[in-house]
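Given next are the chains, with one letter for each unit.
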Amino acid sequence: MPMLDRGSEAAPLYAQVARLLAAQIAGGVYGAGDLLPSEPGLAKELGVSRATIVKAFDTLHREGLIQRQQGRGTFVAPRPKRHSLSELTSFTSVTRSDDAIPSHRLISYQVIGLGDERDELVASFPESVEVVLLGRIRFVDDVAVGFHRTALPADLVARAGLSEAVVAATDFSLYQALESIGQRPWSAEESLRAVPCPAAMAEHLAVPEGAPLMQVRRLSRNRSGELIEVVDAHYVGSLYEYHTELSSHLRNEKEGPAHEVNVDDRGSHVRAVVAERLRRGSGRG
């Protein structure tokens, strides 16, 4: 380890340690998922107090460069997962396409009856529809990156055989289950915004309360235009990113209940399905 600058005008020691470790992570000394040296070990190696190392780790944690796992240690955070805004796909397929392992933990499985109180998420469905509400933590290579609350029509859940035990399986994929009964989402409306991490999610996502999260609200429809899924997803901002390609030249072609938009941007072809109700300007954000 390089020597720290202990001069009177030097940056605080914790900041120097944080920048040193950040540089080593960027330079590949420590790769994604690698275990960092222990706090006592680093303190001894650098000749500083353990409190200095703790403060340096706090800085790196806020920046999304490291992840703390209780009982296991401190690890380099995985690279952000990229999700294309032009593709209607699942968390599972996005993660697997990056050669990573997706998994989840079921936190809650709730049936909302016809007379039960409904929050904004569940109220996206008519009051005449019973709804099943799932709460799940989403993991990439065993690192928590998101928290999903998903509302589904109860009759669809029954048709797909999605009992609590089935959904609780760590390798469960909702979109695969829906596809098996011919109900894979065909079009969707999606909105994004930055929000502070609620206290209830902080422990699940291993981030401080108030840390920046990316909130994604998606309303998905089947090929017939029926609403089949509403999800409110919160992602750790440093671990998940959205990507899109834009062009001023669009060509619309009518196809079934949706329009298919072909985007030609510097030789790259991107296809995105846009719901007809959005084209009419009647969609929700």
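Residues numbered from 1 in each chain as written. Predicted model: local features only at pLDDT ≥ 70, side-chain atom pairs only at ≥ 80, totals over all residues. Heavy atoms only, no water.

K.L.:
For this particular structure, what's the right way to read the sheet that holds strand β7 (residues 187–196)?
P.N.:
Strands belonging to one sheet form pairs held by backbone hydrogen bonds; the direction of such a pair is parallel or antiparallel. Across the sheet, 6 strands lie side by side as β4-β5-β6-β9-β8-β7; this open sheet has antiparallel pairing. Looking at strand neighbours, the two that pair on one side only are β4 (102–112) and β7, the edges of this open sheet. Strand-to-strand twist of the sheet, defined as the mean angle between neighbouring strand axes without regard to direction, takes the value 15 degrees. Bridge count between β4 and strand β5 (residues 131–140): 10 bridges; the pairing is antiparallel. The residue bridging Val111 from the neighbouring strand is Val132, located in β5. (Pairing = 2+ DSSP bridges. Helix = DSSP H or I, 4+ residues; strand = E, 2+ residues; numbered from the N terminus. Axes fitted to C-alpha atoms, helices over the stretch in contact; angles between N-to-C directions.)

K.L.:
What's the story with the pattern of salt bridges in this structure? I'm lost.
P.N.:
Pairing is possible between side chains that carry opposite charge, provided their charged atoms lie close to one another. Taken as a whole and assessed by the stated rule, the structure comprises 7 salt bridges. Of the charged contacts in the structure, one is a salt bridge between Glu39 and Arg50, with a shortest N-O distance of 3.1 Å. Residue Glu39 is found in helix α2 (residues 39–46), and its partner Arg50 is found in helix α3 (residues 50–62); the two are separated by 11 residues along the sequence. The class for Glu39 is buried, based on a relative accessible area of 18%. (Salt bridge = Lys/Arg side-chain N within 4 Å of Asp/Glu carboxyl O. Buried < 20%, exposed > 50% of the residue type's maximum accessible area, 1.4 Å probe, protein only.)

K.L.:
Explain the environment of Phe57 to me, please; I cannot follow it from the model alone.
P.N.:
With respect to the element layout, Phe57 can be found in helix α3. Beyond its immediate chain neighbours, meaning those up to four positions away, Phe57 contacts Leu21, Leu36, Pro37, Glu39, Leu42, Ile66, Arg68 and Thr74. (Contact = heavy atoms within 4.5 Å.)

K.L.:
How should the packing of helix α1 (residues 13–26) against α3 be read in this particular structure?
P.N.:
Two packed helices can be described by the angle between their axes and the distance between those axes. The interhelical angle for the contact between α1 and α3, taken along N-to-C directions, is 55 degrees, at an axis separation of 8 Å. Between α1 and α3, the angle is such that the two are oblique. The element α1 and its partner α3 pack so that their crossing is right-handed. On α3, the residues touching Leu13, Tyr14, Val17, Ala18, Arg19, Leu21 and Ala22 of α1 are Thr52, Ile53, Lys55, Ala56, Phe57, Thr59 and Leu60. (Parallel < 35°, antiparallel > 145°, perpendicular 65-115°, else oblique. Left-handed = near helix turned anticlockwise from the far one by under 90°.)

K.L.:
Please explain the pairing of strand β9 (residues 227–236) as it appears in this structure.
P.N.:
Consecutive residues of a regular strand have side chains that alternate between opposite faces of the sheet. Where burial is concerned, most of β9 is hidden: 10 out of the 10 residues are buried. As defined by bridge partners, strand β6 (residues 143–153) adjoins β9 across 6 bridges and the pair is classed as antiparallel. Within β9, the position partnered with Arg149 by the bridge is Asp232. Pairing of strand β8 (residues 212–221) with β9, which is carried by 9 bridges, proceeds in the antiparallel orientation. Bridge pairing in β9 links Val216 to Ala233. Hairpin remark: β8 followed by β9, antiparallel, with 5 residues in the connecting loop; positive phi at Gly225, about 90 degrees.

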